[in-house]
Amino acid sequence: MLLPFRRPSLQELMVQGPHLLAPTASDLDCNGRLGAVLAGYHYDLNLITVHGRSRFPGLYVWLRDGRRVAVRIPPGCLLMQAGKQLEWLTGGYIMAGMHEVVVTEATLAAVEAARGAGHSTWRISSTVFTHCASDAVLRPLGRFAEQPGSAEAYPAIKAGDQVQRELEAICLRKVTASPAAAGAGQVVRPPSPVANKTEPGAASTSGLSGTANNTPIGGVTGGLNNGSSCATGVAISAVR
Ligand SMILES: [Fe+2]
(Lines give C-alpha, C1' and ligand atoms only; values in the text may rest on other atoms or scores of the structure.)
Protein backbone atom coordinates (compact mmCIF):
# COMPACT_ATOMS: atom_id res chain seq x y z
CA MET A 1 0.00 0.00 0.00
CA LEU A 2 1.28 3.43 -0.90
CA LEU A 3 0.34 6.09 1.59
CA PRO A 4 -1.56 8.92 -0.15
CA PHE A 5 0.45 11.81 1.18
CA ARG A 6 3.73 13.20 -0.08
CA ARG A 7 4.67 16.13 2.11
CA PRO A 8 5.78 15.55 4.65
CA SER A 9 6.70 12.05 3.60
CA LEU A 10 7.28 9.29 6.12
CA GLN A 11 10.98 9.56 5.39
CA GLU A 12 10.97 13.29 6.15
CA LEU A 13 9.11 12.76 9.41
CA MET A 14 11.64 10.10 10.43
CA VAL A 15 14.76 12.24 9.96
CA GLN A 16 16.63 12.35 13.28
CA GLY A 17 13.88 10.32 14.92
CA PRO A 18 14.85 8.31 18.01
CA HIS A 19 14.91 4.99 16.16
CA LEU A 20 15.79 2.01 18.25
CA LEU A 21 17.42 -1.25 17.27
CA ALA A 22 16.36 -3.39 20.21
CA PRO A 23 16.91 -7.13 20.05
CA THR A 24 15.19 -8.94 22.90
CA ALA A 25 16.05 -12.40 24.18
CA SER A 26 14.09 -15.02 26.11
CA ASP A 27 15.73 -18.09 27.60
CA LEU A 28 13.33 -20.86 26.69
CA ASP A 29 15.10 -23.27 29.05
CA CYS A 30 13.74 -21.13 31.89
CA ASN A 31 10.62 -19.71 30.27
CA GLY A 32 9.64 -22.52 27.94
CA ARG A 33 6.40 -23.47 29.65
CA LEU A 34 3.30 -23.84 27.54
CA GLY A 35 1.33 -20.60 27.74
CA ALA A 36 4.15 -18.55 29.22
CA VAL A 37 3.81 -14.92 28.10
CA LEU A 38 7.08 -13.55 26.75
CA ALA A 39 5.54 -10.22 25.71
CA GLY A 40 2.07 -9.23 26.92
CA TYR A 41 -0.76 -8.04 24.64
CA HIS A 42 0.04 -4.50 23.53
CA TYR A 43 0.56 -2.11 20.67
CA ASP A 44 3.74 -0.20 19.93
CA LEU A 45 3.84 3.55 20.47
CA ASN A 46 6.22 4.31 17.60
CA LEU A 47 5.82 4.69 13.81
CA ILE A 48 6.61 1.29 12.28
CA THR A 49 8.10 -1.72 14.02
CA VAL A 50 10.24 -3.99 11.86
CA HIS A 51 10.48 -7.58 13.07
CA GLY A 52 13.10 -9.99 11.84
CA ARG A 53 12.26 -13.68 11.61
CA SER A 54 12.69 -15.49 14.92
CA ARG A 55 13.86 -19.10 15.10
CA PHE A 56 11.05 -19.80 17.58
CA PRO A 57 7.36 -19.14 16.81
CA GLY A 58 5.07 -17.47 19.30
CA LEU A 59 4.25 -14.02 17.91
CA TYR A 60 0.52 -13.37 17.46
CA VAL A 61 -1.29 -10.39 15.97
CA TRP A 62 -4.93 -9.35 16.12
CA LEU A 63 -6.92 -8.48 13.03
CA ARG A 64 -9.61 -5.83 13.07
CA ASP A 65 -12.33 -8.43 13.30
CA GLY A 66 -10.85 -9.68 16.56
CA ARG A 67 -9.17 -12.77 15.20
CA ARG A 68 -5.84 -13.75 16.73
CA VAL A 69 -3.40 -14.90 14.07
CA ALA A 70 -0.05 -16.64 14.45
CA VAL A 71 2.64 -14.79 12.52
CA ARG A 72 4.77 -16.71 10.07
CA ILE A 73 7.46 -14.63 8.41
CA PRO A 74 8.78 -16.32 5.26
CA PRO A 75 12.56 -16.62 4.93
CA GLY A 76 13.99 -13.45 3.44
CA CYS A 77 11.11 -11.28 4.64
CA LEU A 78 10.48 -8.84 7.44
CA LEU A 79 7.28 -8.07 9.32
CA MET A 80 6.30 -4.41 9.13
CA GLN A 81 3.95 -3.57 11.96
CA ALA A 82 2.12 -0.29 12.37
CA GLY A 83 2.62 1.64 15.58
CA LYS A 84 0.56 4.40 17.15
CA GLN A 85 2.33 7.17 15.22
CA LEU A 86 1.30 5.64 11.88
CA GLU A 87 -2.25 5.34 13.22
CA TRP A 88 -2.10 9.07 14.01
CA LEU A 89 -0.83 10.05 10.55
CA THR A 90 -3.58 8.04 8.85
CA GLY A 91 -6.35 9.18 11.17
CA GLY A 92 -6.96 5.62 12.27
CA TYR A 93 -7.14 4.13 8.76
CA ILE A 94 -4.11 2.02 9.70
CA MET A 95 -4.34 1.14 13.35
CA ALA A 96 -1.50 0.23 15.67
CA GLY A 97 -1.29 -3.54 15.57
CA MET A 98 -2.10 -5.40 18.78
CA HIS A 99 0.28 -8.28 19.39
CA GLU A 100 1.82 -10.61 21.97
CA VAL A 101 4.44 -13.35 22.22
CA VAL A 102 3.40 -16.58 23.91
CA VAL A 103 5.01 -20.00 24.27
CA THR A 104 2.93 -22.44 22.22
CA GLU A 105 3.17 -26.10 21.22
CA ALA A 106 4.97 -24.93 18.09
CA THR A 107 7.45 -22.99 20.22
CA LEU A 108 8.13 -26.06 22.36
CA ALA A 109 8.58 -28.23 19.28
CA ALA A 110 11.13 -25.77 17.95
CA VAL A 111 12.89 -25.77 21.33
CA GLU A 112 13.13 -29.57 21.28
CA ALA A 113 14.47 -29.48 17.74
CA ALA A 114 17.06 -26.88 18.72
CA ARG A 115 18.13 -28.92 21.74
CA GLY A 116 18.44 -32.03 19.61
CA ALA A 117 20.63 -30.19 17.14
CA GLY A 118 22.75 -28.69 19.92
CA HIS A 119 21.61 -25.16 19.10
CA SER A 120 20.79 -22.34 21.48
CA THR A 121 17.32 -22.30 23.00
CA TRP A 122 17.28 -18.55 23.45
CA ARG A 123 14.53 -16.84 21.47
CA ILE A 124 16.04 -13.76 19.90
CA SER A 125 13.75 -11.15 18.44
CA SER A 126 15.60 -8.65 16.27
CA THR A 127 13.39 -5.62 16.16
CA VAL A 128 13.76 -2.07 14.90
CA PHE A 129 11.41 0.54 16.29
CA THR A 130 11.23 3.47 13.89
CA HIS A 131 9.96 6.79 15.19
CA CYS A 132 8.96 10.18 13.88
CA ALA A 133 11.35 12.90 14.98
CA SER A 134 10.38 14.13 18.44
CA ASP A 135 9.60 17.66 17.16
CA ALA A 136 7.66 16.42 14.13
CA VAL A 137 3.94 17.11 14.34
CA LEU A 138 1.62 14.12 14.18
CA ARG A 139 -1.73 14.79 12.53
CA PRO A 140 -3.79 13.00 9.88
CA LEU A 141 -2.18 13.76 6.52
CA GLY A 142 -3.43 13.91 2.93
CA ARG A 143 -6.86 12.44 2.39
CA PHE A 144 -6.81 11.04 5.91
CA ALA A 145 -7.26 14.62 7.17
CA GLU A 146 -10.58 14.78 5.31
CA GLN A 147 -12.08 11.75 7.05
CA PRO A 148 -14.97 12.85 9.30
CA GLY A 149 -13.83 13.05 12.89
CA SER A 150 -10.18 12.27 12.22
CA ALA A 151 -8.91 15.71 13.29
CA GLU A 152 -10.84 15.43 16.56
CA ALA A 153 -9.75 11.87 17.28
CA TYR A 154 -6.13 12.55 16.30
CA PRO A 155 -5.40 16.22 17.09
CA ALA A 156 -2.03 17.70 16.20
CA ILE A 157 0.63 16.74 18.70
CA LYS A 158 4.41 16.65 18.65
CA ALA A 159 5.68 13.10 18.38
CA GLY A 160 7.82 13.57 21.47
CA ASP A 161 4.75 14.55 23.50
CA GLN A 162 2.77 11.61 22.14
CA VAL A 163 5.54 9.26 23.28
CA GLN A 164 5.58 10.82 26.74
CA ARG A 165 1.81 10.41 27.08
CA GLU A 166 1.99 6.78 26.06
CA LEU A 167 4.68 6.22 28.69
CA GLU A 168 2.51 7.96 31.26
CA ALA A 169 -0.46 5.77 30.32
CA ILE A 170 1.53 2.63 31.19
CA CYS A 171 3.16 4.14 34.27
CA LEU A 172 6.65 4.25 32.78
CA ARG A 173 6.68 8.01 33.26
CA LYS A 174 5.18 10.19 35.95
CA VAL A 175 2.10 12.08 34.83
CA THR A 176 2.87 15.76 34.41
CA ALA A 177 0.40 18.62 34.36
CA SER A 178 2.70 21.08 32.64
CA PRO A 179 1.10 22.83 29.63
CA ALA A 180 4.01 21.87 27.39
CA ALA A 181 3.72 18.18 28.15
CA ALA A 182 -0.05 18.28 28.05
CA GLY A 183 -0.24 19.96 24.66
CA ALA A 184 -1.23 23.52 25.64
CA GLY A 185 -3.49 22.31 28.41
CA GLN A 186 -5.38 19.89 26.22
CA VAL A 187 -5.58 16.38 27.60
CA VAL A 188 -5.77 13.82 24.83
CA ARG A 189 -5.92 10.14 25.61
CA PRO A 190 -4.12 8.11 22.96
CA PRO A 191 -6.83 6.44 20.90
CA SER A 192 -6.70 2.67 20.92
CA PRO A 193 -7.82 0.26 18.20
CA VAL A 194 -9.01 -2.50 20.52
CA ALA A 195 -8.34 -1.60 24.10
CA ASN A 196 -5.84 0.61 25.81
CA LYS A 197 -4.36 -2.39 27.59
CA THR A 198 -0.62 -2.32 27.50
CA GLU A 199 1.65 -4.47 29.60
CA PRO A 200 4.19 -2.58 31.66
CA GLY A 201 7.61 -3.27 30.27
CA ALA A 202 6.25 -4.24 26.88
CA ALA A 203 6.27 -0.76 25.40
CA SER A 204 8.78 0.20 22.80
CA THR A 205 10.68 3.32 23.67
CA SER A 206 13.25 5.37 21.88
CA GLY A 207 16.98 5.75 21.93
CA LEU A 208 19.53 4.61 19.38
CA SER A 209 19.24 4.62 15.64
CA GLY A 210 19.72 1.69 13.33
CA THR A 211 18.29 -0.61 10.68
CA ALA A 212 17.66 -4.34 10.65
CA ASN A 213 20.06 -6.49 8.65
CA ASN A 214 21.21 -3.34 6.85
CA THR A 215 17.84 -3.27 5.17
CA PRO A 216 16.45 0.16 4.29
CA ILE A 217 13.19 0.97 6.00
CA GLY A 218 10.92 2.07 3.21
CA GLY A 219 7.50 2.20 4.83
CA VAL A 220 4.41 0.06 4.59
CA THR A 221 4.37 -1.93 1.38
CA GLY A 222 1.35 -4.16 1.80
CA GLY A 223 -1.31 -5.40 4.16
CA LEU A 224 -3.29 -8.42 5.22
CA ASN A 225 -6.61 -7.99 3.50
CA ASN A 226 -9.30 -8.15 6.07
CA GLY A 227 -12.61 -7.59 4.35
CA SER A 228 -13.51 -3.94 4.08
CA SER A 229 -10.06 -2.63 4.88
CA CYS A 230 -6.54 -3.85 4.30
CA ALA A 231 -5.34 -1.74 7.19
CA THR A 232 -4.67 -4.30 9.87
CA GLY A 233 -1.43 -2.83 11.06
CA VAL A 234 0.92 -5.52 9.84
CA ALA A 235 2.50 -6.40 6.53
CA ILE A 236 5.19 -8.70 5.26
CA SER A 237 7.96 -7.11 3.26
CA ALA A 238 10.60 -8.98 1.28
CA VAL A 239 14.22 -8.28 2.13
CA ARG A 240 16.14 -7.10 -0.87
FE1 LIG B 1 5.57 -4.70 20.57
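From a predicted model like this one, the values you see are computed outputs, not experimental measurements.

### Remarks on the overall build of the protein chain
Step number 1: Of regular secondary structure, the protein chain possesses 6 helices and 13 strands.
Step number 2: Burial statistics for the protein chain: of 240 residues in total, 34% are counted as buried.
Step number 3: Counted over contacts in the protein chain with a minimum sequence separation of 6, partners at least 24 positions apart contribute 80%.

### Observations concerning unusual backbone geometry
Step number 1: Here the phi dihedral of Gln16 falls at roughly 65°; this positive angle occurs in a residue that is not glycine.
Step number 2: Tracing the chain through its elements places Gln16 in the loop between α1 (10–14) and β1 (20–21).
Step number 3: The phi dihedral of Cys171 is positive, around 60°, even though this residue is not glycine.

### Considerations on the confidence of the model for the protein chain
Step number 1: Of all residues in the protein chain, 73% attain a pLDDT of 70 or more, and the chain-wide mean is 80.
Step number 2: The low-confidence segment residues 181–190, where pLDDT is below 50, has 16 contacts with residues more than four positions distant or belonging to other chains.
Step number 3: For residues 192–231, every residue scores under 50 in pLDDT, and the model assigns this stretch 96 contacts once sequence neighbours within four places are set aside.

### Some remarks on the nonpolar core
Step number 1: With 32 residues, the main nonpolar core has Ile48, Ala82, Leu86, Cys132 and Leu138 as its most contacted residues.
Step number 2: Elements with a minimum of two residues in this core: α1, β4 (48–51), β7 (77–82), α3 (84–89), β10 (127–130) and α6 (159–169).
Step number 3: Top contributing element to this core by residue count: β7, with 4 residues.

Parameters at a glance
- Residues numbered from 1 in each chain as written.
- Predicted model: local features only at pLDDT ≥ 70, side-chain atom pairs only at ≥ 80, totals over all residues.
- Helix = DSSP H or I, 4+ residues; strand = E, 2+ residues; numbered from the N terminus.
- Buried ≥ 20, exposed ≤ 12 C-beta atoms within 10 Å, placed from the backbone.
- Contact = placed C-beta atoms within 7 Å.
- pLDDT = per-residue confidence, 0-100.
- Core = buried A, V, L, I, M, F, W, Y, C linked by C-beta atoms within 7 Å.

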